Amino acid sequence: MDYKLGNKIANYPLKMDTETGNSVFSIYKNDSIQNYVSSDFLIPHRKDYFFFAFILDVRDFSRHWIDMKPYDIQSRKLYFTDPSQVQLKEESCALHVYNMNITKEFLSLDSLNTLKDLPILQNPHRGHVLHLKERDYQFLLETLDNIYAEYQNESQWQHSMLLSYVSIFLIYCSRLYAEQFENIKDQPESLLLSDFLDLVGEKFRVQHEVSQYAEQLNISAGYLGDTIKQQSGKSAIAHIQERIVLEAKRLIYFTEDSMKEIAYSLGFDDASYFNRFFKRHTTFTPLAYKKHIRKMYQ
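Below: a short report on this structure.

1. Considering the nonpolar core
By size, the foremost hydrophobic cluster in this structure holds 36 residues, and its most contacted members are Phe196, Tyr213, Leu224, Leu266 and Phe274. Of all the secondary-structure elements, those providing two or more residues to this core are helix H5 (191-203), helix H6 (210-216), helix H7 (221-232), helix H8 (236-254), helix H9 (259-265), helix H10 (271-282) and helix H11 (286-296). Among the elements that take part in this core, H8 stands out by supplying ten residues, more than any other. If near-sequence neighbours (up to four positions away) are discounted, Phe274 is found in contact with Ala248, Met259, Ile262, Ala263, Leu266, Phe268 and Pro286. By size, the runner-up hydrophobic cluster in this structure holds 34 residues, among which are Leu121, Leu132, Leu141 and Phe169.

The structure is reproduced here in structure tokens:
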């Protein structure tokens with residue numbers, strides 16, 4: 001790894017498009033020989049929006065990191081990330097690509113309030129790439145062409161048209177996501193499970209107990225635990241602890257923070273207890289994990 005690590009993981013909001021004035025949605029098409037990536041994206045960072053990269057053609061070798069996993073970028077695939085995931089590019093490279101950026105504010109324009117719960121956005125299996133068959137590639141390409149044309153066209157009801165096209169894109173991608181990642185027999189997540197996981201994503205740094213989440217959801221801890229177990233196959237406390245461990249791995253891997261600083265940022269007052277907690281869930285101490293994972297991807 002030759003990219004630059006820092007003490008903190010940067011968080012970038014979607015920049016306003018100077019031509020359209022749009023700050024909640026954007027789509028860009030690059031088909032030039034050169035594709036210069038901002039230096040901001042060459043360090044570990046989070047994008048405060050959902051990011052989609054539809055690769056038409058790769059002209060140079062390109063590697064993109066999402067959380068602790070490297071991806072060699074390949075043609076005719078769709079890569080995607082959500083706002084919680086840490087990512088970076090190793091270097092600027094030439095790509096023929098559609099980049100589409102969707103904020104939660106844009107999704108809130110959906111009057112039915114269903115888009116935010118689609119699998120491609122919820123990403124329960126923490127996938128990052130869709131492998132496309134020819135018919136899927138052509139369908140998504142045509143849809144992105146329509147989105148791009150509408151984005152450039154400041155006509156009446158533009159936002160409604162964009163939302164309609166983006167909805168088709170996200171629903172189609174969710175079908176592909178289900179085919180690729182999910183067992184057909186899997187049951188859809190209940191509203192309670194979805195609300196619980198959203199709350200865990202917001203509060204895991206300061207709330208480590210099931211009872212704390214139950215109180216905020218106005219139900220008993222027993223009912224919450226039973227429902228989450230039935231719907232997901234995992235206990236409520238397992239979901240909380242897995243989210244803490246994932247964030248710990250991100251901080252250990254992508255930053256130079258001390259183990260004490262990482263423990264404190266995740267709500268542990270005692271660094272030694274954090275060490276025991278991390279080892280119980282990974283078999284590594286935090287320091288051993290840091291050496292192991294960085295050695296693996298040198």
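Back to the write-up after that little detour.
2. Brief notes about unusual backbone geometry
Although it is not a glycine, Arg76 sits at a positive phi angle of roughly 60 degrees. Structurally, Arg76 is set in the loop between strand S6 (69-72) and strand S7 (77-81). Here the phi dihedral of Arg126 falls at roughly 50 degrees; this positive angle occurs in a residue that is not glycine. On the secondary structure map, Arg126 appears in the loop between helix H2 (119-122) and strand S10 (129-131).

3. Considerations on the packing of aromatic side chains
Inspection of the entire model under this criterion finds 17 aromatic pairs. Relative to Tyr172, the ring of Phe139 lies with its centre 4.1 Å away and its plane at 20 degrees, an arrangement referred to as stacked. In this pair, Phe139 is assigned in helix H3 (residues 134-152) and Tyr172 in helix H4 (residues 158-181), connecting sequence segments 33 residues apart. With relative accessibility at 16%, the residue Tyr172 sits in the buried group. Ring plane angle 45 degrees and centroid distance 6.1 Å describe the contact between Phe274 and Phe278, whose orientation is recorded as tilted. Taken as a pair, Phe274 and Phe278 lie in helix H10 at a separation of four residues, close to a single helical turn. A relative accessible area of 0% places Phe274 in the buried class. Put simply, the rings of Phe268, Tyr273, Phe274, Phe277, Phe278, Phe284 and Tyr289 pair up and form one aromatic cluster. Above the face of the Phe51 ring, Lys47 is positioned so that its terminal group lies 4.7 Å from the ring centre. Just above the ring of Tyr137 sits the side chain of Arg76; from NZ or CZ to the centre is 3.8 Å.

4. What to know about the sheet that holds S10
Taking strand neighbours across the sheet as the criterion, the five strands line up as S2-S9-S4-S7-S10 in an open arrangement whose pairing is antiparallel. Looking along the sheet, the strands with just one partner apiece sit at the ends: strand S2 (25-30) and S10. Averaged over all neighbouring strand pairs, the angle between strand axes comes to 15 degrees, with direction disregarded. Pairing geometry for S2 and strand S9 (residues 95-102), over six bridges, is antiparallel.

5. Looking at the pattern of salt bridges
Counting across every chain of the model gives nine salt bridges. Measuring nitrogen to oxygen at the nearest pair gives 3.2 Å for the salt bridge that ties Glu247 to Arg205. One end of the pair, Glu247, is in helix H8; the other, Arg205, is in the loop between H5 and H6, and 42 residues separate them in sequence. With relative accessibility at 2%, the residue Glu247 sits in the buried group. Here Glu247 and Arg243 are joined by a salt bridge, their closest N and O atoms 3.3 Å apart.

6. Focus: the side chain of Ser26
Along the polypeptide, Ser26 turns up in strand S2. Classification of Ser26 by relative accessible area gives buried; the value is 0%.

Each value, and the rule that gives it
- Residues numbered from 1 in each chain as written.
- Predicted model: local features only at pLDDT ≥ 70, side-chain atom pairs only at ≥ 80, totals over all residues.
- Heavy atoms only, no water.
- Core = buried A, V, L, I, M, F, W, Y, C linked by side-chain atoms within 4.5 Å.
- Buried < 20%, exposed > 50% of the residue type's maximum accessible area, 1.4 Å probe, protein only.
- Helix = DSSP H or I, 4+ residues; strand = E, 2+ residues; numbered from the N terminus.
- Contact = heavy atoms within 4.5 Å.
- Phe/Tyr/Trp six-rings, centres within 6.5 Å; stacked < 30°, edge-to-face > 60°.
- Lys NZ or Arg CZ within 6 Å of the ring centre and 35° of its normal.
- Pairing = 2+ DSSP bridges.
- Axes fitted to C-alpha atoms, helices over the stretch in contact; angles between N-to-C directions.
- Salt bridge = Lys/Arg side-chain N within 4 Å of Asp/Glu carboxyl O.

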